[in-house]
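Chain by chain, the residues:
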Amino acid sequence: MNIITGGVTAPKGFKAAGIHCGVKDNFTTPVPDKKDLAMVLSDVPCAAAGTYTRNVVKADPVILTKEYLADHKAQGIILDSGNANACAPKGMENAKRMAAAAAAATGLAPQDFAVCSTGIIGVELNITAIEAGVPALVAALADTEQASNDAAHAILTTDLKIKEIAVTTEIGGKTVTVGAIAKGSGMIHPNMGTMLCAVTTDCAIDGAVLQDMLRHIVTKTFNRITVDGDTSTNDTCVVLANGLAGNAPITGPGADYDALVEALRYVCEYEAKMIASDGEGAGRLVTCTVQGAASEEQAELMAKAVVRSPLVKCAIFGTDANWGRVLCAVGYSGAEFDPKDVEVKFLSQAGELKVCAGGQGVPFDEDLAKKVLSEPEVVILVTLTAGDAACSCWGCDLTYDYVKINGDYRS
């Protein structure tokens, strides 16, 4: 497997675009250089799969996309940023109008499009701006790296970084490419945060098989990140597979299936970690790895509790090796373990620091602790003796800027 450039336009037969149309101009000061409308389109029909938020309160675009992708078929994705179209007046009507506008400009059917929105909740979507902008969006579609980059920019809200990747692998003697763009910064605690991900591949695969594959992969990637413990109303991950790589279609388990799983999981894990590292106001990516657990499920409970803990996140922000907060989070996670068997270490490029052994504190160098915890990426390693299962979950520190961003998000 090789990492390449190109994002969602790297696979054969895919185009993308991102433009400014003024989604937020009806309720805030216009920002004309902020791209806010994106499209990803295949030259041919695709097998399609999607996973969605488990929040009971779902945005209308999520409900509509689930309906449109129920037959595991699609050809494009239209996305806006600035307005989530969640709990909003005329929500379903406007979601359908987005799909209809995309269809009219491309000569396809509305049901050929997934619809994704992200941004403020409860405000009516500026659908007239979107409808007016779609023809220019379609005219801008291209299969270039810049086109994918434009689309990646157009879906950002409070994100500071674009989240884009592509990889190639060999399947059935053919070169298969998987590309993705994603967004997510706040309201991130996926059970599939406001998190969107568009994945493209030129692999040939049965749609139902792709759906099962995606569901399994999302469980072990996007569902293992947390920024603030809030599960969004809009989380959506959509995969389009157009088959133009020319491989024999994947219809079930086997070597070809495993190769695509590896590539797709790599792409999703990369995007998941990018989302965690770009949490609102974040200064550090925090990884918690639990090893030696009785099962992967038990390890996940513990690791996710640690990276979700506000107290742990604050300690990392303050470069305070407060390992007691780690042990506390593991203890309330719901996992079963013997506290006397727990070891805790902090690791980064600056070194390794053991702070707890046998469930009790051990002497450590405070100066080294500060250096270790000051790095952009920090790992909290929790080791047990209950088994050989392990799991990593990803989050970020909690800074003053998180409160500033969310204190006046509507304005």
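What counts and what doesn't
Residues numbered from 1 in each chain as written. Predicted model: local features only at pLDDT ≥ 70, side-chain atom pairs only at ≥ 80, totals over all residues. Heavy atoms only, no water. Helix = DSSP H or I, 4+ residues; strand = E, 2+ residues; numbered from the N terminus. Rg over C-alpha atoms; globule rule 2.2 N^0.38 Å. Buried < 20%, exposed > 50% of the residue type's maximum accessible area, 1.4 Å probe, protein only. Areas by Shrake-Rupley, 256 points an atom, 1.4 Å probe, with all protein chains shown as cover. Core = buried A, V, L, I, M, F, W, Y, C linked by side-chain atoms within 4.5 Å. Contact = heavy atoms within 4.5 Å. Pairing = 2+ DSSP bridges. Axes fitted to C-alpha atoms, helices over the stretch in contact; angles between N-to-C directions. Phe/Tyr/Trp six-rings, centres within 6.5 Å; stacked < 30°, edge-to-face > 60°. Patch = residues over 30% accessible without salt bridge, like charges linked within 9 Å, V, L, I, M, F, W, Y side chains within 5 Å. Salt bridge = Lys/Arg side-chain N within 4 Å of Asp/Glu carboxyl O. Parallel < 35°, antiparallel > 145°, perpendicular 65-115°, else oblique. Left-handed = near helix turned anticlockwise from the far one by under 90°. Nonpolar A, V, L, I, M, F, W, Y, C, P; charged D, E, K, R; others polar.

Participant: Please explain the overall build of the protein as it appears in this structure.
Facilitator: What the protein contains, in helices and strands, is 11 helices and 15 strands. Rg of the C-alpha trace for the protein: 22 Å, near the compact-globule value of 22 Å for 411 residues, within the 12% margin. In terms of principal-axis extent, the alpha carbons of the protein reach across some 70 × 55 × 35 Å. Scored against the burial criterion, the 411 residues of the protein give a buried share of 56%. When the accessible area of the protein is evaluated, it comes to approximately 15,700 Å², of which 52% is carbon and sulfur surface.

Participant: What exactly am I supposed to notice about the nonpolar core here?
Facilitator: Soluble globular proteins: nonpolar side chains tend toward being buried together. By size, the foremost hydrophobic cluster in this structure holds 51 residues, and its most contacted members are Met 39 and Ile 130. Among the elements that make up this core, the one with the highest residue count is strand β3 (residues 37–52) (eight residues). In this view, Met 39 contacts Lys 15, Ala 16, Ala 17, Ile 77, Ile 78, Leu 79, Ala 102, Thr 106, Phe 113, Leu 137, Val 138 and Leu 141; residues no more than four positions away in its chain are not counted. Counting residues in hydrophobic clusters, the runner-up holds 40 residues, among them Val 176, Val 267, Ile 275 and Leu 285.

Participant: So what exactly am I meant to see when it comes to the pairing of strand β14 (residues 377–383) here?
Facilitator: Along any regular strand, the residues point their side chains to alternate faces of the sheet. Most of β14 is tucked away, with five of its seven residues classed as buried. For strand β11 (residues 343–348) and β14, the ladder comprises five bridges, and the chain directions are antiparallel. Note that in β14 the partner of Val 344 across the bridge is Val 382.

Participant: What is the right way to read the sheet that holds strand β13 (residues 360–361) from this model?
Facilitator: Think of a sheet as strands paired side by side through backbone hydrogen bonds, with each pair either parallel or antiparallel. Sheet architecture is open: six strands sit in the order β13-β12-β11-β14-β10-β15, paired in mixed fashion. A single partner strand is all that each edge strand has here, and the edge strands are β13 and β15 (389–396). Here helix α7 (residues 296–308) sits on the sheet in contact with β10 (285–293), β14 and β15, set at roughly 20 degrees to β15. Sheet strands touched by helix α9 (residues 323–332): β11, β12 (351–357), β13 and β14. Its angle to β11, the strand with the most contacts, is close to 120 degrees.

Participant: Quick question: what am I supposed to make of helix α1 (residues 60–68) here?
Facilitator: Side chains that are three or four residues apart share a direction in an α-helix, a result of its 3.6 residues per turn. Those residues of α1 not exposed but buried are Asp 60, Pro 61, Val 62, Leu 64, Thr 65 and Tyr 68. For α1, the elements touching its buried residues are β3, β4 (73–83), α2 (91–106), β5 (113–120) and β9 (236–241).

Participant: Please clarify how the environment of Leu 108 should be interpreted in this entry.
Facilitator: By the secondary structure assignment, Leu 108 is in the loop between α2 and β5. For Leu 108, a relative accessible area of 25% puts it in the partly exposed group. A C-alpha to C-alpha distance of 25 Å links Leu 108 and Gly 6, two positions 102 residues apart in sequence. Not counting chain neighbours up to four residues away, the residues in contact with Leu 108 comprise Leu 41, Gln 75, Ala 103 and Phe 113.

Participant: Quick question: what am I supposed to make of the packing of aromatic side chains here?
Facilitator: Each aromatic ring pair is described using two quantities: the centre-to-centre distance and the angle formed by the ring planes. All told, the structure shown has one aromatic pair when counted by the stated rule. Plain terms: the ring middles of Phe 317 and Tyr 400 are 5.1 Å apart, the flat faces sit at 85 degrees to each other, and that makes the pair edge-to-face. Remark: Tyr 400 occurs in helix α11 (residues 400–407) and Phe 317 occurs in helix α8 (residues 310–317); sequence separation between them is 83 residues. Judged by its relative accessible area of 28%, Phe 317 falls in the partly exposed class. Tyr 400 sits in the exposed class, given a relative accessible area of 61%.

Participant: Is there a simple way to explain a nonpolar patch on the surface in this structure?
Facilitator: Together, Met 1, Ile 3, Tyr 266 and Tyr 270 make up an exposed nonpolar region whose accessible area comes to about 370 Å². The residue Tyr 270 is located in helix α6 (residues 255–277) in this model.

Participant: Looking at this model, I keep getting lost on the packing of helix α5 (residues 207–219) against α6. Mind explaining?
Facilitator: Angle between the axes and distance between the axes: these two values describe a pair of packed helices. Relative to each other, α5 and α6 sit at 45 degrees, their axes nearing to 10 Å. With respect to their mutual orientation, α5 and α6 come out oblique. Relative to α6, α5 is oriented so that their crossing is right-handed. Of the residues in α6, those touching α5 at Val 209, Met 213 and Ile 217 are Tyr 257, Leu 260, Val 261, Leu 264, Arg 265 and Cys 268. When grouped by side-chain class, the residues that make up the contact of α5 with α6 number eight nonpolar, no polar and one charged.

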